[in-house]
Every structure is written in C-alpha cells, then in structure tokens.
Amino acid sequence: MPNLRTKRILAFTFSALRAMLMLALIAYTVVEYVEFNSQKEVLHLTLFSMFFLVSNFLVNIGRHKAVLGEDEKAQSLFFLAMFAMAAAMFELVDLGLDQVLKAINATSMQILHIFIAVFESLTGMIAVIMIYFALDRLLVFLRALTVDLKDIKIP
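An account of the accompanying structure is given in this report. (Residues numbered from 1 in each chain as written. Predicted model: local features only at pLDDT ≥ 70, side-chain atom pairs only at ≥ 80, totals over all residues. Heavy atoms only, no water.)

Section: the packing of aromatic side chains
One pass over the structure, following the stated rule, counts 4 aromatic pairs. With centroids separated by 5.2 Å and ring planes inclined at 70°, the aromatic side chains of Phe-79 and Phe-83 adopt a geometry described as edge-to-face. In this pair, Phe-79 and Phe-83 are both assigned in helix H4 (residues 71–103), 4 residues apart and thus about one turn of the helix distant. For Phe-79, a relative accessible area of 48% corresponds to the partly exposed category. Its relative accessible area of 25% is what places Phe-83 among the partly exposed residues. Geometrically, the ring pair formed by Phe-115 and Phe-119 is stacked, given 6.4 Å between the ring centres and 10° between the ring planes. Residue Phe-115 and its partner Phe-119 are both found in helix H5 (residues 110–148); the two are separated by 4 residues, about one turn of the helix. Among the aromatic residues, ring-to-ring pairing joins Phe-79, Phe-83 and Phe-133 into one connected group. (Phe/Tyr/Trp six-rings, centres within 6.5 Å; stacked < 30°, edge-to-face > 60°. Helix = DSSP H or I, 4+ residues; strand = E, 2+ residues; numbered from the N terminus. Buried < 20%, exposed > 50% of the residue type's maximum accessible area, 1.4 Å probe, protein only.)

Encoded structure:
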C-alpha cells in the first residue's frame, strides 16, 4: 500500500469521523430535548465512562514523543484531555442532579423541580459540547499528524 494513499485514506477517515461526531452531537441534543424529564442514570454513567476513557486516551497519546516530536503538541493534547476530564465530571454532576430530581416530589416543589431539571439538562449539554470540542480537535490533530509523518511502510 503506497504511503501517500494510506495518508489520504486516513485523512478522509478523520474527516468522515468529524462529520459523524457532529451528527452524534445533534442526535444527543434531540434525545436530551425529547427525554427532558426522564430518568437517564445508565446514559449518564455510560457517558461518564466514555468521557473518562477519552481523557485517558488523550493523555496516553501525548506521552508518545516519538510520534509527536514536540512538547507543544503534547501540551495541546493534555489541554484536550482536561476538557474531556471536565466533561466526565460534568456528567457525574448530571447524574447527581438526576438523582435529586428523582427524590423531589414534582407536585409539592414544582418550581424547584423545573429549575433543577433545566440545570441538569444544561449540565449534560455542556459536558457533551466539551467532549465534542476535545474529539473534534483530536481528529484535526491526528489528521495533521498523519500528513507530517515520515514515509513508513504498512505491511
């Protein structure tokens, strides 16, 4: 497989992933809007786990100086990892707020219930937007990195 062809395939793949990432963000927004008052504990725990793994992945990529070659690139990946970690923490807060909503009786504390429900939804959306930013920048970074790689042969 020629090196140039491999780089083009990777560049196209990263571009396609960026487009799919945007679609996933839109789909999550629609789901969050449709299920505004539903209890979504499993979703929150799954998103927390996924965001935490993304953060760990970013830190681990940043440790590979042989590929990155520069401390500045590693620092930018660490910055993105902190965005992903913050998104994971926002998801934990979102889960906690979801539990509070479960405990509040909607009939006796209507205003508090609505306020917490709106805050909980905003917290979840902020977390998803933060992870979107981190993943989008990661894909841009990886695409640029593949262009900069020296000629290698893939068996």
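Moving on, there is more to tell.
Topic: the nonpolar core
One finds Phe-51, Leu-58, Leu-77, Ala-87, Ile-131, Leu-138 and Leu-142 to be the most contacted residues of the largest nonpolar core, which totals 28 residues. Of all the elements in the fold, those that place two or more residues in this core are helix H1 (3–34), helix H2 (41–62), H4 and H5. With 12 residues, the top contributor of residues to this core is H5. Those residues within four positions of Ala-87 in sequence are excluded, and the remaining contacts are Phe-51, Ala-127, Met-130 and Ile-131. Among the nonpolar cores identified, the runner-up in size contains 5 residues, and Leu-97, Ile-104, Ile-116 and Ala-117 belong to it. (Core = buried A, V, L, I, M, F, W, Y, C linked by side-chain atoms within 4.5 Å. Contact = heavy atoms within 4.5 Å.)

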